[in-house]
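Architecture and fold: a report
Read off the chains here:
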Amino acid sequence: MTFALENLTVLDLTQVMAGPYCCQLLGDLGADVIKVEPVGRGDATRQATGHRLPHGESAAFLAVNRNKRGIALDLKSEAGRETFYRLVDEADVVVESFRPGVAARLGVDYPTLRERNERIVYASISGFGQTGPYSQRAGYDLIAQAMSGIMSVTGDAGGPPTKSGVPVADLSAGLFCAVGILSACLSRAATGRGQAVDTSLYDAALALSIWETSELWATGRAPGRLGSAHRVNAPYEALPTRDGHLTIGANNERLWQRLCAVLERPELPADERFATNTDRVRHRVELAGELARTLRTRDTEEWAELLLEAGVPVGPIRDYAQSCADPHTLAREMVLELEHPTEGTVRSLGVPVKLSGTPAGVRRVAPGLGEHTDELLRATGRSDEEIRALRAEGAVE
Ligand SMILES: CC(C)(COP(=O)(O)OP(=O)(O)OC[C@H]1O[C@@H](n2cnc3c(N)ncnc32)[C@H](O)[C@@H]1OP(=O)(O)O)[C@@H](O)C(=O)NCCC(=O)NCCSC(=O)C(=O)O
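An unreviewed UniProt entry lists the protein chain under the name Formyl-CoA transferase, from Saccharopolyspora gloriosae.

With that settled, the discussion passes to the pattern of salt bridges. Evaluation of the coordinates by the stated rule reveals 27 salt bridges. Between D32 and R69 there is a salt bridge; the shortest N-O distance is 2.8 Å. With D32 in strand β2 (residues 32–37) and R69 in strand β3 (residues 68–72), the pair connects residues that are 37 residues apart, well separated along the chain. By relative accessible area, R69 is classed as buried at 16%. Residues E302 and R242 are paired through a salt bridge, measuring 3.3 Å at the closest nitrogen-oxygen approach. In this pair, E302 sits in helix α15 (residues 300–309) while R242 sits in the loop between β7 (236–240) and β8 (245–249), placing the two residues 60 residues apart along the sequence. Linked by salt bridges that have partners in common, R242, R298, D299 and E302 make up one network.

Packing of helix α1 (residues 18–28) against helix α8 (residues 168–191) leaves a shortest axis separation of 8 Å and a crossing angle of 45°. As the angle between them shows, α1 and α8 are arranged oblique. When you trace α1 past α8, the crossing you get is right-handed. Contacts between α1 and α8 involve A18, Y21, C22, L25 and L26 from the first element and D170, L171, G174, L175, C177, A178, I181 and L182 from the second.

On the surface, R41, K76, R99 and R105 cluster together to form a positively charged patch. In this structure K76 comes out as exposed when scored by relative accessible area, which is 70%.

Mapped onto the fold, E343 is located in the loop between β10 (335–340) and β11 (344–349). In terms of polar contacts, E343 uses its side chain to reach the backbone amide nitrogen of E57, at 2.9 Å. Ignoring any residue separated from it by four or fewer positions in sequence, one finds E343 in contact with L53, P54, H55, G56 and E57.

For the rest of this paragraph, the subject is the site of the ligand. Around the ligand, the surrounding shell holds 25 residues, and the nearest of these are R99, R105, G139, D141 and D170. Interatomic distance of 3.1 Å between a side-chain N/O atom of Q15 and an oxygen atom of the ligand. Between the ligand and L73 there is a distance of 2.9 Å, counted from a nitrogen atom to a backbone nitrogen or oxygen. Judged by the fraction of its atoms near the pocket grid, the ligand is located in the second largest pocket. Those elements giving two or more residues to the shell around the ligand turn out to be α5 (102–106) and β5 (121–126). Among the elements that take part in the shell around the ligand, α5 stands out by supplying three residues, more than any other. The class makeup of the residues in the shell around the ligand is twelve nonpolar, five polar and eight charged.

Another point: unusual backbone geometry. Here the amide bond leading from A234 into P235 is cis, since omega sits at 0°, within 30 degrees of zero. Phi at V16 takes a positive value of approximately 65°, unusual for a residue other than glycine. Within the secondary structure, V16 is located in the loop between β1 (9–12) and α1. Despite not being glycine, E264 shows a phi value in the positive range, around 55°. Structurally, E264 is set in the loop between α11 (253–262) and α12 (267–270).

Further remarks concern a nonpolar patch on the surface. On the surface, V16, Y134, Y140, L142, I143 and M147 cluster together into a nonpolar patch covering about 530 Å² of accessible area. Among the secondary structure elements, Y134 is positioned in the loop between β5 and α7 (141–148). The partly exposed category is assigned to Y134, whose relative accessible area is 35%.

Between the first and last C-alpha of helix α4 (residues 78–90) there are 19 Å, a value that for 13 residues agrees with the 18 Å anticipated at 1.5 Å per step. Looking at α4, one finds that the buried residues are A79, G80, T83, F84, Y85, L87 and V88.

Attention now goes to the pairing of β10. As defined by bridge partners, β10 adjoins β11 across six bridges and the pair is classed as antiparallel. Within β11, the position partnered with H340 by the bridge is G344. Connecting β10 to the antiparallel partner β11 that follows it, the hairpin turn spans three residues.

The pairing of strands in a sheet happens through backbone hydrogen bonds and is either parallel or antiparallel. The six strands are arranged β3-β2-β1-β4-β5-β6 in an open sheet whose pairing can be described as parallel. Each edge of the open sheet is held by one strand with a lone partner, namely β3 and β6 (196–200). Averaged over all adjacent pairs, the angle separating strand axes in this sheet is 20°, with direction ignored. Here β5 pairs with β6 via five bridges, running parallel. Residue pairing in the sheet places A123 in a bridge with V197 of β6. Contacts between α4 and the sheet are confined to β1, β2, β3 and β4 (93–96), with β1 contributing the most and set at about 150° to the helix. Relative to β5, α8 is tilted by about 165°, and along the sheet it contacts β4, β5 and β6.

Each assigned domain of the protein chain is listed here: domain 1 (9–208 + 332–392) and domain 2 (236–316). Inter-centroid distance (C-alpha atoms) of domain 1 to domain 2 is 43 Å.

The next thing to look at is the sheet that holds β8. Within the open sheet, the three strands sit side by side as β7-β8-β9. Their pairing is antiparallel. Two strands in the sheet have a free side with no partner beyond their single neighbour: β7 and β9 (314–316). Ignoring strand direction, the axes of neighbouring strands in this sheet form an average angle of 25°. Lying on the sheet, helix α14 (residues 284–295) is in contact with β7 and β8; it crosses β7 at an angle near 45°.

Thresholds applied
- Residues numbered from 1 in each chain as written.
- Predicted model: local features only at pLDDT ≥ 70, side-chain atom pairs only at ≥ 80, totals over all residues.
- Heavy atoms only, no water.
- Salt bridge = Lys/Arg side-chain N within 4 Å of Asp/Glu carboxyl O.
- Helix = DSSP H or I, 4+ residues; strand = E, 2+ residues; numbered from the N terminus.
- Buried < 20%, exposed > 50% of the residue type's maximum accessible area, 1.4 Å probe, protein only.
- Axes fitted to C-alpha atoms, helices over the stretch in contact; angles between N-to-C directions.
- Parallel < 35°, antiparallel > 145°, perpendicular 65-115°, else oblique.
- Left-handed = near helix turned anticlockwise from the far one by under 90°.
- Contact = heavy atoms within 4.5 Å.
- Patch = residues over 30% accessible without salt bridge, like charges linked within 9 Å, V, L, I, M, F, W, Y side chains within 5 Å.
- Areas by Shrake-Rupley, 256 points an atom, 1.4 Å probe, with all protein chains shown as cover.
- Lys, Arg positive; Asp, Glu negative; His and termini not counted.
- Charge placed at Lys NZ, Arg CZ, Asp CG, Glu CD.
- Polar contact = N/O pair within 3.5 Å; in protein donor to acceptor, adjacent residues only side chain to side chain.
- Near = heavy atom within 4 Å.
- 1 Å grid on protein atoms, 1.4 Å probe; cavity = no way out; pocket = protein on both sides within 12 Å on 5 of 7 lines; lining within 4 Å.
- Sits in = over half its atoms within 2 Å of the grid points.
- Nonpolar A, V, L, I, M, F, W, Y, C, P; charged D, E, K, R; others polar.
- Expected span 1.5 Å × (residues − 1).
- Pairing = 2+ DSSP bridges.
- Domains from an automatic or database assignment.

Rendered as structure tokens:
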């Protein structure tokens, strides 16, 4: 076996980011992912205004659709739907991220597909889930971050509500969905039956809010914004140096003592305001002021070197140009260079899970719209003549 999921066939009906990211992850781990897109336009991200590579490809589309083959089907036509059903007969997993109700209208909902293939694992990603008062609403990452509470705790105290810089609701919905799919596949190995997997951006965003909800339930008060600081540990935040900021995470007694030793501030651990972690959290602003007073005497790099030598977890704040060029990033294969047929060399993020026996890998760049339509139709038993007829009636592209 070369790849962990090489025996898994996934039909990817998803669009934009959360669903495509989930399916790409399965593809990175070796699944045969077949992206099924509408004829003519494809996934909205192909067209969306956004960053274009020199020959016109959407950078965002390429970023979440590698390791997939592509077929374009008009699921509103009978022939297109029948073609999809043939793919379902041979597939293990279907993933969709339509607005709830759309899959049923298209005839690709779970009850319909289960009739064709009772082993199918059917995963849905939606804004708010398949049940509950908001289930019929469309959803985006921004809305989930707002309504879950994430925006109320992001940003500086006293500042405006802020969205996380990366779409955490989308990405975590994709990740939770992948965990759900793999769990359902393991369960199917024992029972022979598939099941539905229901994940949403909203549930995922709330599920990430571990410290925040534990604070709410422990204190009875909704937590507020803390900038870069931690809710229950101190010192643990970005602190100013002579030329910038350094993030310092000295959130146990040993690390706290070492930090004070490197800063040559032995009076701080003796100060009763800072005696225990609870005291330090309570007096966090004063503590940050004390630490900043010393940290401002040297540059970020100098402090980082001294503190790392003492084993204190610290790091400078960098932009993506810096992090992507870091030798450590490259050593961990977290930036890959792939060959695209029209764009030449394109960069892509590496896979953050390293499997020792069946390592994940990138086998192909994102497909063009309908790039593998013919080969996939042939695999479902269609003759060249039938393929021509399907294409002529607009059922496939
Ligand atoms: C993303 C959306 C808001 C986009 O809304 P819409 O543009 O209205 O798309 P919908 O899903 O409702 O439906 C798309 C329409 O395309 C039709 N459709 C889709 N595929 C096909 C094919 N293959 N053939 C024919 N027709 C098709 C489908 O029937 C619908 O038409 P009709 O049948 O005629 O209605 C919604 O899909 C949604 O809430 N999705 C779930 C959550 C999600 O994944 N959100 C985006 C995460 S990314 C994100 O947040 C971010 O990047 O930021």
